[in-house]
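# Survey of secondary and tertiary structure
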Number of protein chains: 2
Amino acid sequence: MPSYKAPVEDVMFLLNDVLDINKYNNLPGFEDVSPETVGAILGEGAKMCEELLQPLNASGDREGCIRSDDGTVTTPDGFKPAYQAYREGGWVGLPAPAEYGGAGLPAVLNSVMQEFVSGANLAFGMYPGLTQGAIAALLEHGSDAQKQTYLPKMVAGEWTGTMNLTEPLCGTDLGLIRTKAVPVGDGSYKISGTKIFISAGEHDLADNIVHLVLARIEGAPAGTKGISLFVCPKYLVNADGSLGARNKVSCGKIEEKMGIHANSTCVMNYEEAIGYLVGTENKGLAAMFVMMNEARLAVGMQGLALGEVATQNAAAYARDRLQGRALTGAKEADKAADPIIVHPDVRRTLMTARALNEGGRALALATALQADIHRRSPDAAARQAADDRLGLMTPIVKAILTENGLQNAINSQQMFGGHGYIAEVGVEQFVRDARITLIYEGANGIQALDLVGRKLPRDGGRAMMSYLGELNGFLKAHEADEALKPYIAPLKASAGHLQQATMWLMQNALAKPDNAGAASTDYLHLFGLVALGYMWAQMAKAALAKGESDFAKNKLTTAKFFADRLLPETGLRLARVTAGAGDVMALPAEAF
Amino acid sequence: MPSYKAPVEDVMFLLNDVLDINKYNNLPGFEDVSPETVGAILGEGAKMCEELLQPLNASGDREGCIRSDDGTVTTPDGFKPAYQAYREGGWVGLPAPAEYGGAGLPAVLNSVMQEFVSGANLAFGMYPGLTQGAIAALLEHGSDAQKQTYLPKMVAGEWTGTMNLTEPLCGTDLGLIRTKAVPVGDGSYKISGTKIFISAGEHDLADNIVHLVLARIEGAPAGTKGISLFVCPKYLVNADGSLGARNKVSCGKIEEKMGIHANSTCVMNYEEAIGYLVGTENKGLAAMFVMMNEARLAVGMQGLALGEVATQNAAAYARDRLQGRALTGAKEADKAADPIIVHPDVRRTLMTARALNEGGRALALATALQADIHRRSPDAAARQAADDRLGLMTPIVKAILTENGLQNAINSQQMFGGHGYIAEVGVEQFVRDARITLIYEGANGIQALDLVGRKLPRDGGRAMMSYLGELNGFLKAHEADEALKPYIAPLKASAGHLQQATMWLMQNALAKPDNAGAASTDYLHLFGLVALGYMWAQMAKAALAKGESDFAKNKLTTAKFFADRLLPETGLRLARVTAGAGDVMALPAEAF
């Protein structure tokens, strides 16, 4: 059976040595995050994930969620007590404001916990994860009364939350939403329609489920300009906060899926369910996007987490499994064969995974920190810069970390040979679970379009210019440093590729938008490699400053592996970006 | 529900226009393969796959195989009559000699059928596929009596075959085999031991199951030099050919797997089962490798097949699914949205799949044709050259076609968005099924080692020199041809990369074998890209010769896409090959 160890040491290195979060201790929420406090919190979180959640991962996959004829949904054995322990530990409210019962801790720590929880049990983690997204949306767009009604219970984890966007004919293109909202006259609405793929839509873990639903108010403009956001609880809430009548929203079906079986993916039927407008009429998409950005970063952490847990198990297997002999002669001559970790091709796979996992973690936490600065800084310019960076990096974190996570899960499974294909061994679940992270919260192709079509050109390219400025400044400041040369020189070449690609898009995409579309995925990967390379250079710098420990030496070796073997892919990506849309669009649609 | 259309037109183009199989009509088996005959055979085969086997694919996955307490195994509903129709159609014996009831047709046609069958229903195809492998081994190494006893029934498909290699402690490293064979004294042996991962090890499709088993005769030398091959039927065969006593070989368990649920993956227990030596004592591995090479090419076809069927379904979905608008303005303004095939990123995905599928098919059939020449040519030099080429290309076909197949299955699933993750939609099965092809018949890392460690240096590099000589001759002969320039120029650059990488290995791997191991996977991918590029250049040439048809135009467009966007990856692979083993092996094993 697989095991999981939360990568606490690596996280502490990132928070303290690379990101130096202590320098933000003037920001609210950061006052108390001394390395000792953070270590204690993450140590406790790690223990919970390793000992409480991980043991339910394989059984949860096997059992799945079960819907009864009355529409109730039962989660797998053990999930209820585990969720109770989880919420009593205060983990749902970790980043939420103290006034609603949260711990008010930085988002970056919550991102760390998202990785730990997902590495232990992705399907479990989605229940509180979606609640956190719903809390964020209500905090930003809910009325005071709505906040008072829902947030304390949600922050405590007594009620969970969901996002209801997708409909049978409407996924990426939310302008096609058909779910209707009819004003009742008392400020509430009657909501009718069908939503699909609603994660955690119905279950037995919480007293109430707070659905955030996109719907079209009768007579609203067509398309995305006529979508409003509603809060629609499973049980209506009385004035005194107690639970009232059962609302007319119910789970019509649970989907059979490739993975994340322990999370209920529901068809939700709204039959004149009572809902309340959140924020402004017809501005629902903007309100929902608060949740979406949080969720996209969280999904990046999920991808990373699955890549990490898969790699851990593959490494353990590679150290144990005796098969064949080293190419350079027997390493353990007293045994029937050498462990397969002696083989360079196995090492190559493990080093690749390590370089992608550690680089991805650094990038994700650096990005999550921008969310904190954006939300908490007293300095308007710093808030603006952080928001720019957060917006620019969100599609990259989501897409790159999930694709690397799936690839690492597949490569890890590969190391097990035939055993990796057997359900009982448990590693094929990582592949099936990881697979969803490339799809949900905006399929990765949509992330690439978001990057190229929205994030790059926004505000005259301000976010991108700021990123390139910072990166070039870093390169300039360190290129004379002999010790850093192995990491800086390749990064400089790749940064040049990113600049060329960006320039090419500016010159070729405005007049021919298909050039942007055809380039988008390769551009995102090119950018992602540079972003990981920049984090690796910063990690190398921090590791050099740390001195001679094994940890520091291993970081430097992995940094060099990334620079020598993975970063050069930017040249290929540049060639594809600049190949243009011609070949891509040449065939008629009927030819496929 | 997914559908499948066998790519007959593309195959006919390859056989007639690119490979020109008619020029081999002096070889036995090729006399009758006029384009009309081949078209008729493949047309009938395609119909069977599309109408008989494909409709059982999803249900077979859902139902799986069931083992009863008495050790019998039931295949999914519909498999029995489908198998009966399949064997009565003569498909099992298609490439087998006429003297045993086969059609004696070329292996290249059998490879085509392997793709069609696997595209329709991989799990089904494995039953007759393994039988064909066992037939090949008995043909080459069986005694006359063994051939008379087993082959007519197996060629007719009345009995099926298996390969029994793997044991719990022994997969890649067959020297660790523990299964024992004790001479009875009458020429037979009593075989005892446990074999695992035995595909089609037990089922209800055939009257008898003929197991080919690797075991160690009492007192045999340790390691691979003490392994012998035995034939061990489920039911012993009486002198008159009728079935006798039940042999003591039984299925102890069926594995729960990630995919190919409709094929029974068995733990086989041998408890003094009667077996008969095939070929020479202690030379079992060589005999089994006859099956393995056939099987490796067949697995390449399976990977291709899953990439093809996944792509077909993704293309159909992309033409149908309305979501969003084209970047260049609405294409179907009368509808609520445009079909997603208008998006360049969707096209890029489809074009990539098309370029890999069609190129892979060409490479695989060109390789299968070498097996025919090797087996049938009257000219010893031609036989030798064909064997060299077959040996060199087999690991490439196996690894590259399976990895591209999985990637295309994943990318196709991605195009369905959330729907792709739902079991009912049916495309996630392609990913789960495709996943095994990278693992079985030698995991792809083993293919890479086989290429670099065995196939390249063998006979002083004769096979590789011959390949490079032919490729360079082709480049030289066509580089002045303006019409071919878009395909030839990039191929020339990539062929240069292959030559550099080969040279680097010669100079750096002998003294430091870890350099070969660390380079092996990247070298295989580099070689694979060049091999696909060479096939694409040949296809472009044939398409130009064909004139102005849509088919020819689409080929040329796809050839250019391959040359511009996919082939340049060789530069990256070369950089990785020449990066050496240093970074790869730097970390101590305990650090992982």
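Because the structure is predicted, anything quoted here is derived from the model rather than measured.

Here the focus is the overall build of chain A. Across its full length, chain A holds 17 helices and 11 strands. Against the globule reference of 25 Å for 592 residues, chain A gives a C-alpha radius of gyration of 24 Å, in line with a compact fold. Its C-alpha atoms give chain A principal-axis dimensions of about 80 × 60 × 60 Å. The contacts of chain A with a sequence gap of at least 6 include a subset with a gap of at least 24, amounting to 73%.

Looking now at the pattern of salt bridges. In the structure shown here, the tally under the stated rule is 70 salt bridges over all chains. Across the pair Asp522 of chain A and Arg565 of chain B runs a salt bridge whose closest N-O atoms are separated by 3.6 Å. Placement of the pair is Asp522 of chain A in helix 14 (residues 513-546) and Arg565 of chain B in helix 15 (residues 550-566), with the two residues belonging to separate chains. Exposure class is identical for Asp522 of chain A and Arg565 of chain B. Each is buried. Of the charged contacts, one joins Glu51 of chain B and Lys47 of chain B as a salt bridge, the two residues approaching to 3.3 Å between their closest N and O atoms. Of this pair, Glu51 of chain B and Lys47 of chain B both sit in helix 2 (residues 35-53), 4 residues apart, which is roughly one turn of that helix. Judged by its relative accessible area of 51%, Glu51 of chain B falls in the exposed class. In this structure Lys47 of chain B comes out as partly exposed when scored by relative accessible area, which is 49%.

Counting 403 residues, the largest nonpolar core has Tyr523 of chain A together with Tyr523 of chain B as its most contacted members. Dropping the residues within four chain positions of it, Tyr523 of chain B is found in contact with Leu451, Val452, Leu456, Met464, Leu498, Ala501, Thr502, Leu505 and Val577 of chain B.

Here the focus is the side chain of Gln323 of chain A. Following the sequence through the fold, Gln323 of chain A ends up in the loop between helix 7 (284-320) and helix 8 (344-376). Given the relative accessible area of 5%, Gln323 of chain A is considered buried. A polar side-chain atom of Gln323 of chain A sits 2.5 Å from the main-chain amide nitrogen of Gly171 of chain B. In this structure Gln323 of chain A touches Ala337, Asp338, Ile340 and His343 of chain A together with Leu169, Cys170, Gly171, Thr172, Asp173 and Leu176 of chain B, once residues within four positions along its chain are discounted.

All right, on to helix 12 (residues 458-478) of chain A then. All names here are of chain A. The first and last C-alpha atoms of helix 12 sit 30 Å apart over 21 residues, in line with the 30 Å expected at 1.5 Å per residue. Considered for burial, the residues of helix 12 that qualify are Gly461, Ala463, Met464, Tyr467, Leu468, Leu471, Phe474, Leu475 and His478. Lining the buried residues of helix 12 we find helix 9 (380-415), helix 13 (485-508) and helix 14.

Relative to chain A, chain B is turned by 180° and slid 0.0 Å along the rotation axis, the superposed coordinates differing by an RMSD of 0.0 Å. Here the transformation between the copies is reduced to the relation of a two-fold axis. Closest approach to the rotation axis among the C-alpha atoms of chain B is made by Leu572 of chain B, whose C-alpha sits 3.5 Å away. Of the residues that chain B buries at the interface, 100% are likewise interface residues in chain A, meaning the two copies contact each other through the same surface.

Time to look at the domain arrangement of chain A. Residues and elements named next belong to chain A. As far as domains go, chain A holds domain 1 (8-145), domain 2 (160-283) and domain 3 (451-583). Between domain 1 and domain 3, the contact holds 7 residues from the first and 8 residues from the second. Note on domain 1 versus domain 3: buried area summed over both sides is about 620 Å², and carbon and sulfur give 74% of it. Among the residues of domain 1 in contact with domain 3, Phe13, Asp17 and Val18 are the three that bury the most area, contributing 66% of the side total. Applying the counting rule to domain 1 against domain 3 returns 2 residue pairs in polar contact (both at pLDDT 80 or more).

Residues and elements named next belong to chain B. Across 10 bridges, the pairing between strand 5 (residues 188-199) and strand 11 (residues 265-278) is antiparallel. What sits directly across from Tyr189, in strand 11, is Gly275. Both strand 7 (residues 228-233) and strand 11 contribute to a ladder of 3 bridges, which runs antiparallel. Within strand 11, the position partnered with Leu229 by the bridge is Val278. The pairing of strand 10 (residues 249-254) with strand 11 spans 5 bridges and is classified as antiparallel. Residue Ile254 lies in a different strand from strand 11, and its bridge partner there is Cys266.

Backbone geometry at Asp20 of chain A places phi at a positive 50°, although glycine is not the residue there. You can see Asp20 of chain A is positioned in the loop between helix 1 (8-18) and helix 2 (35-53). Exposure remark for Asp20 of chain A: the relative accessible area of 32% places this residue in the partly exposed category. You will see that Ala200 of chain B, though not glycine, has its phi angle at about 60°, which is positive. Assignment of secondary structure puts Ala200 of chain B in the loop between strand 5 and strand 6 (208-217). Overall, Ala200 of chain B belongs to the buried group, its relative accessible area being 0%.

Before going further, it helps to examine the UniProt feature "domain: Acyl-CoA dehydrogenase/oxidase C-terminal" (unreviewed entry) in chain A. Those residues carrying the UniProt feature "domain: Acyl-CoA dehydrogenase/oxidase C-terminal" (unreviewed entry) are residues 282-451 of chain A in this numbering. A helix fraction of 73% and a strand fraction of 0% characterise residues 282-451 of chain A, whose end C-alpha atoms lie 25 Å from each other.

Facing 88 residues of chain B, the contacting portion of chain A comprises 88 residues. It is Tyr421, Arg565 and Phe592 of chain B in chain B that bury the most area against chain A; as a group they hold 12% of the surface buried on that side. Counting every contact that joins chain B to chain A gives 8 salt bridges. The partner of Arg576 of chain A in a salt bridge is Glu569 of chain B, with the nearest N and O atoms 3.9 Å apart. Remark: the boundary between chain B and chain A carries 46 residue pairs in polar contact (both at pLDDT 80 or more). Looking at the side of chain B that touches chain A element by element, the count peaks at 8 residues for helix 15 of chain B. Residues belonging to the side of chain B that touches chain A are distributed by class as follows: 43 nonpolar, 21 polar and 24 charged.

On to the UniProt feature "domain: Acetyl-CoA dehydrogenase-like C-terminal" (unreviewed entry) in chain A, then. Sites flagged by UniProt as "domain: Acetyl-CoA dehydrogenase-like C-terminal" (unreviewed entry) map to residues 469-588 of chain A. Structurally, residues 469-588 of chain A comprises 82% helix and 0% strand, and the distance from its first C-alpha atom to its last is 42 Å.

Because each turn of an α-helix spans 3.6 residues, side chains separated by three or four positions in sequence point in the same direction. Residue and element names in this part refer to chain B. Between its terminal C-alpha atoms helix 14 (residues 513-546) stretches 48 Å, which fits the 50 Å expected from 34 residues at 1.5 Å a residue. A maximum bend of about 50° is found in helix 14 at Ser520. The element helix 14 is largely enclosed, with a buried count of 29 among its 34 residues. Looking at the residues trailing helix 14, positive phi occurs at Gly547, about 95°.

The next subject is the packing of helix 2 of chain B against helix 5 (residues 107-141) of chain B. Residues and elements named next belong to chain B. Orientation of helix 2 relative to helix 5, taken along the N-to-C sense of each, is 5°, at an axis distance of 9 Å. By the angle class used here, helix 2 and helix 5 are roughly parallel. Where helix 2 abuts helix 5, its residues Val38, Leu42, Gly45, Ala46, Met48, Cys49 and Leu53 lie against Leu109, Val112, Met113, Phe116, Val117, Ala120, Asn121 and Phe124. Grouping the amino acids of the contact of helix 2 with helix 5 by side-chain chemistry returns 13 nonpolar, 2 polar and no charged.

On to the layout of surface pockets, then. In this model, the second largest pocket occupies a volume close to 1300 Å³. Along the wall of the second largest pocket there are 46 residues; nearest its centre are Glu256, Lys257 and His261 of chain A together with Glu256 and His261 of chain B. Going through the elements one at a time, helix 3 (57-63), strand 1 (66-67), strand 10 (249-254) and helix 10 (428-437) of chain A together with helix 3 (57-63), strand 1 (66-67), strand 10 and helix 10 (428-437) of chain B are the ones with two or more residues in the lining of the second largest pocket. Here the residues of the lining of the second largest pocket are counted per class, giving 14 nonpolar, 10 polar and 22 charged.

On to the packing of helix 9 (residues 380-415) of chain B against helix 14 of chain B, then. Residues and elements named next belong to chain B. Running from N to C, helix 9 and helix 14 cross one another at 90°; their axes reach a closest spacing of 10 Å. Here helix 14 runs roughly perpendicular to helix 9, going by the angle between their axes. Residue-level contacts link Leu392, Met393, Pro395, Ile396, Ala399, Ile400, Glu403 and Asn404 of helix 9 to Leu524, His525, Phe527, Gly528, Ala531 and Leu532 of helix 14. Grouping the amino acids of the contact of helix 9 with helix 14 by side-chain chemistry returns 10 nonpolar, 3 polar and 1 charged.

Basis of the calculations
Residues numbered from 1 in each chain as written. Chains lettered and ligands numbered in written order. Predicted model: local features only at pLDDT ≥ 70, side-chain atom pairs only at ≥ 80, totals over all residues. Heavy atoms only, no water. Helix = DSSP H or I, 4+ residues; strand = E, 2+ residues; numbered from the N terminus. Rg over C-alpha atoms; globule rule 2.2 N^0.38 Å. Contact = heavy atoms within 4.5 Å. Salt bridge = Lys/Arg side-chain N within 4 Å of Asp/Glu carboxyl O. Buried < 20%, exposed > 50% of the residue type's maximum accessible area, 1.4 Å probe, protein only. Core = buried A, V, L, I, M, F, W, Y, C linked by side-chain atoms within 4.5 Å. Polar contact = N/O pair within 3.5 Å; in protein donor to acceptor, adjacent residues only side chain to side chain. Expected span 1.5 Å × (residues − 1). Least-squares fit on C-alpha atoms with pLDDT ≥ 70 in both. Domains from an automatic or database assignment. Buried area = accessible area lost by both parts, 1.4 Å probe. Pairing = 2+ DSSP bridges. UniProt positions renumbered as here; feature names shortened; annotations may be inferred. Nonpolar A, V, L, I, M, F, W, Y, C, P; charged D, E, K, R; others polar. Bend = angle between axes of the 7 residues up to and from the residue. Axes fitted to C-alpha atoms, helices over the stretch in contact; angles between N-to-C directions. Parallel < 35°, antiparallel > 145°, perpendicular 65-115°, else oblique. 1 Å grid on protein atoms, 1.4 Å probe; cavity = no way out; pocket = protein on both sides within 12 Å on 5 of 7 lines; lining within 4 Å. Points joined across faces, edges and corners; volume = space filled by probe spheres on them.

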